[in-house]
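# Survey of secondary and tertiary structure
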Amino acid sequence: MLQDWPAQSPDMNIIEHMWGRMKEEAWKTKPKNIDELWEAWKTVFFAIPDDFINKLYESLPNRMDAFLKAHGSHTKY
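Here's what I pulled together on the structure shown here. (Residues numbered from 1 in each chain as written. Predicted model: local features only at pLDDT ≥ 70, side-chain atom pairs only at ≥ 80, totals over all residues. Heavy atoms only, no water.)

### Some remarks on helix α2 (residues 34-47)
For α2, which comprises 14 residues, the first-to-last C-alpha distance of 20 Å matches the rise-based estimate of 20 Å (1.5 Å per residue) to within 8%. In this structure, the buried side of α2 is in contact with α1 (15-27). The N-terminus of α2 is capped by N33, whose side-chain oxygen sits 3.0 Å from the backbone nitrogen of D35. (Helix = DSSP H or I, 4+ residues; strand = E, 2+ residues; numbered from the N terminus. Expected span 1.5 Å × (residues − 1). Contact = heavy atoms within 4.5 Å. Polar contact = N/O pair within 3.5 Å; in protein donor to acceptor, adjacent residues only side chain to side chain.)

### Structural notes on the nonpolar core
Soluble globular proteins: nonpolar side chains tend toward being buried together. Membership of the largest hydrophobic core is limited to 7 residues, which are M18, M22, A26, A40, V44, I48 and L56. When contributions to this core are tallied by element, the ones reaching two or more residues are α1 and α2. Among the elements that line this core, the one with the most residues is α1, at 3 residues. If we ignore the near neighbours within four places in the chain, the residues touching A26 are P31, A40, W41 and V44. (Core = buried A, V, L, I, M, F, W, Y, C linked by side-chain atoms within 4.5 Å. Buried < 20%, exposed > 50% of the residue type's maximum accessible area, 1.4 Å probe, protein only.)

### A look at the packing of aromatic side chains
All told, the structure shown has 2 aromatic pairs when counted by the stated rule. A ring pair is formed by W19 and W41, whose centres lie 5.7 Å apart and whose planes are at 75°; its orientation type is edge-to-face. Of this pair, W19 sits in helix α1 while W41 is found in helix α2, placing the two residues 22 residues apart along the sequence. For the pair F45 and F46, a centre-to-centre distance of 5.1 Å together with 85° between the ring planes defines the contact as edge-to-face. Here F45 falls in the partly exposed class, since its relative accessible area comes to 42%. Directly above the aromatic system of F52 lies the positively charged group of R21, at a separation of 4.4 Å from the ring centroid. (Phe/Tyr/Trp six-rings, centres within 6.5 Å; stacked < 30°, edge-to-face > 60°. Lys NZ or Arg CZ within 6 Å of the ring centre and 35° of its normal.)

### Considerations on the pattern of salt bridges
The full count for this structure, using the stated rule, is 2 salt bridges. Among the salt bridges present, the one from K28 reaches E25, with a minimum N-O distance of 3.1 Å. Taking the relative accessible area as the measure of exposure, K28 reaches 54% and is therefore exposed. Here E25 falls in the partly exposed class, since its relative accessible area comes to 29%. E39 is paired through a salt bridge with K42; the nearest N and O atoms lie 3.0 Å apart. Of this pair, E39 and K42 both sit in helix α2, separated by 3 residues, roughly a single helical turn. (Salt bridge = Lys/Arg side-chain N within 4 Å of Asp/Glu carboxyl O.)

Encoded structure:
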């Protein structure tokens, strides 16, 4: 049965939090060109602590519960 909910739900997508953190950290280096930006992205990516990733993964059951209770609308996530 298909639900009448949005096809894309950023609230449920934990990768959005990874991208946000990477963007924030990469821009702190104030890259002057695409090569510097690429290096910043690589550095930031490999510096993200495992516990940050684990917490995002562990939040999935709570995210799903909140999403279902909100009937597909936005959640606190």
